[in-house]
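# Notes for the structure review
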Amino acid sequence: MAKKKEVSIKTEGSLTVSAGKKSMSLDGTVLSMTNEYGNTVTLGIDAGSFDGLWDLLWQFVKDRQH
């Protein structure tokens, strides 16, 4: 049986990254992504959901490469 990884999340302040009209921001435990049309998706990140979020984002990247 695989051992479950422990995840610790600690943020101080906020972080915003943008390229063109797209942006991604992290404020505490809330991740928000906005596309060039102004559509925004907001995800709460906690220690129990980070692995699932990482898998989802990685799959999104892989799907867009083909």
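The structure this text deals with has already been given above.
Residues numbered from 1 in each chain as written. Predicted model: local features only at pLDDT ≥ 70, side-chain atom pairs only at ≥ 80, totals over all residues. Heavy atoms only, no water.

### Thoughts on the pairing of strand β1 (residues 14-19)
Formally: Type-normalised accessible area, obtained with a 1.4 Å probe on protein chains alone, sets the label of each residue: buried when under 20%, exposed when over 50%, and partly exposed for intermediate values. Labels follow the DSSP assignment, with helices taken as runs of H or I lasting at least four residues and strands as runs of E lasting at least two, numbered in each case from the N terminus. The pairing criterion for strands is at least two bridges between them, as found by DSSP.
In terms of burial, β1 is a largely surface element, zero of the six residues being buried. Pairing of β1 with strand β2 (residues 22-27), which is carried by six bridges, proceeds in the antiparallel orientation. Paired with Ala19 across the strands is Lys22, a residue of β2. Linkage of β1 to β2, two consecutive antiparallel strands, is achieved through a turn of two residues, within which Gly20 is found at a positive phi near 65°.

### Observations regarding the sheet that holds β2
Heads up, the condition is: Axis definition: a line fitted to C-alpha atoms, limited for helices to the stretch in contact. Angles are taken between N-to-C directions and run from 0 to 180 degrees.
Read from one edge to the other, the open sheet built from four strands follows the order β1-β2-β3-β4, with strand pairing classed as antiparallel. On the outer flanks of this sheet lie β1 and β4 (40-44), each paired with one strand and no other. Ignoring strand direction, the axes of neighbouring strands in this sheet form an average angle of 10°. As judged from the five bridges shared by strand β3 (residues 30-34) and β4, these two strands associate in the antiparallel manner. Its bridge partner being in β4, Thr34 is matched across the sheet by Thr40.

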